[in-house]
Structures are given as structure tokens and as C-alpha cells.
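# Residue-level structural notes
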Amino acid sequence: QVQLVESGGGLVQVGGSLRLSCTGSGRTFSWHVVGWFRQAPGKEREFVATISRSGINTYYADSVKGRFTISRDNAKNTVYLQMNSLKTEDTAVYYCAASSDLPHLATGPDEYADWGQGTQVTVSS
């Protein structure tokens, strides 16, 4: 099990950028596949992006492809989500999730064992 803490959320205007960070505890963070999810009010939690243990492989939801970039620095136990060209529909609470049991990248929330508390991202027009 790993404890996850998200940071970097905030208020930004349409077209702006934010970088979210997800920092994990423990020396085994590099063993975990990590994903970012988001949940807007009244909507289900949805997949945003995921990254492999090494950071070589990534996968994105169609809605963010070309605008968001996921990366990781295992020496710092941190996964990043760089968000550019933000839209009002990106407004949500963003969560990072991790699992050491996944054999591959995963897009389903139920596939991840550990979750952070979330960070609010608000995009205003």
C-alpha cells in the first residue's frame, strides 16, 4: 500500500495551464502503475491518463489527448500531470491512483488499489 498526496490544483482561465503532482510514500512507488482520474459535480469518476512503472508507456483519454501530458520522476516518488489549453469542461476534482498489481496500464477506477484525496481544478471563462 502507498499513500498518495496530490497538489497543484487551482483556478485558471480558459486556455491556461496547470501542473498537478502526485507524491507517493515509501520506497516502492516505482513498482506502481499510476493513473489520474477526475470527477466533476454530478458525474462519475472518469479516467484521464495513466503511466507505466518506468514511465516509458502512457495512455490518455480522448478528451485530453494532445493537451495533457503524464510523466513521472521515480527518484522523487512523484507523477505529474501537465495540463495545457484548459477548457471549462476540465473543471473537476483530480485524483491520482496507484497499484502495484497491475500487469499493464489500466483505465478503470476499480483496477487501482490506492487513492489520494484529490485536488480541485477550476477553469473559468
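Being a predicted model, the structure only gives us computed values, none of them experimental.

Here the focus is the nonpolar core. Among the nonpolar cores identified, the biggest contains 35 residues, and Trp-36, Leu-81, Met-83 and Tyr-94 are the most heavily contacted of them. Sorting the residues of this core by element identifies strand 3 (18-24), strand 4 (33-39), strand 5 (46-51), strand 7 (68-73), strand 8 (78-83), strand 9 (92-99) and strand 11 (119-124) as the ones contributing at least two each. No other element matches the five residues that strand 9 contributes to this core. Excluding residues that lie within four positions of it along the chain, Leu-81 makes contacts with Leu-18, Arg-19, Leu-20, Trp-36, Val-48, Ala-49, Phe-68, Thr-69, Ile-70 and Tyr-94.

Here we take up the sheet that holds strand 3. Spatial strand order, 1-3-8-7: four strands in an open sheet with antiparallel pairing. Each edge of the open sheet carries a strand with a single partner, namely strand 1 (4-7) and strand 7. Strand-to-strand, the axes of this sheet are offset by a mean angle of 15°, without reference to chain direction. Here strand 1 pairs with strand 3 via four bridges, running antiparallel. By the bridge assignment for strand 3, Leu-4 is matched with Gly-24.

This paragraph deals with unusual backbone geometry. Here Asn-77, not a glycine, exhibits a phi torsion of approximately 55°, which is positive. In this fold, Asn-77 is placed in the loop between strand 7 and strand 8. Asn-77 gets classed as buried once you look at its relative accessible area, which sits at 18%. At Ser-85, a position not held by glycine, the phi torsion is positive, near 50°. By the element assignment, Ser-85 lies in the loop between strand 8 and strand 9.

Applying the stated criterion across every chain, the model contains one disulfide. Put simply, Cys-22 and Cys-96 are joined by a disulfide, and their sulfur atoms are 2.1 Å apart. Its S-S torsion of about 65° marks the bond between Cys-22 and Cys-96 as right-handed, since a negative value means left-handed. One end of the pair, Cys-22, is in strand 3; the other, Cys-96, is in strand 9, with 74 residues separating them in the sequence. This pair shows no difference in class: Cys-22 is buried, exactly as Cys-96 is.

Calculation criteria
- Residues numbered from 1 in each chain as written.
- Predicted model: local features only at pLDDT ≥ 70, side-chain atom pairs only at ≥ 80, totals over all residues.
- Heavy atoms only, no water.
- Core = buried A, V, L, I, M, F, W, Y, C linked by side-chain atoms within 4.5 Å.
- Buried < 20%, exposed > 50% of the residue type's maximum accessible area, 1.4 Å probe, protein only.
- Helix = DSSP H or I, 4+ residues; strand = E, 2+ residues; numbered from the N terminus.
- Contact = heavy atoms within 4.5 Å.
- Pairing = 2+ DSSP bridges.
- Axes fitted to C-alpha atoms, helices over the stretch in contact; angles between N-to-C directions.
- Disulfide = S-S within 2.5 Å.

Keep in mind that these numbers describe shape and distance, not what the molecule does.
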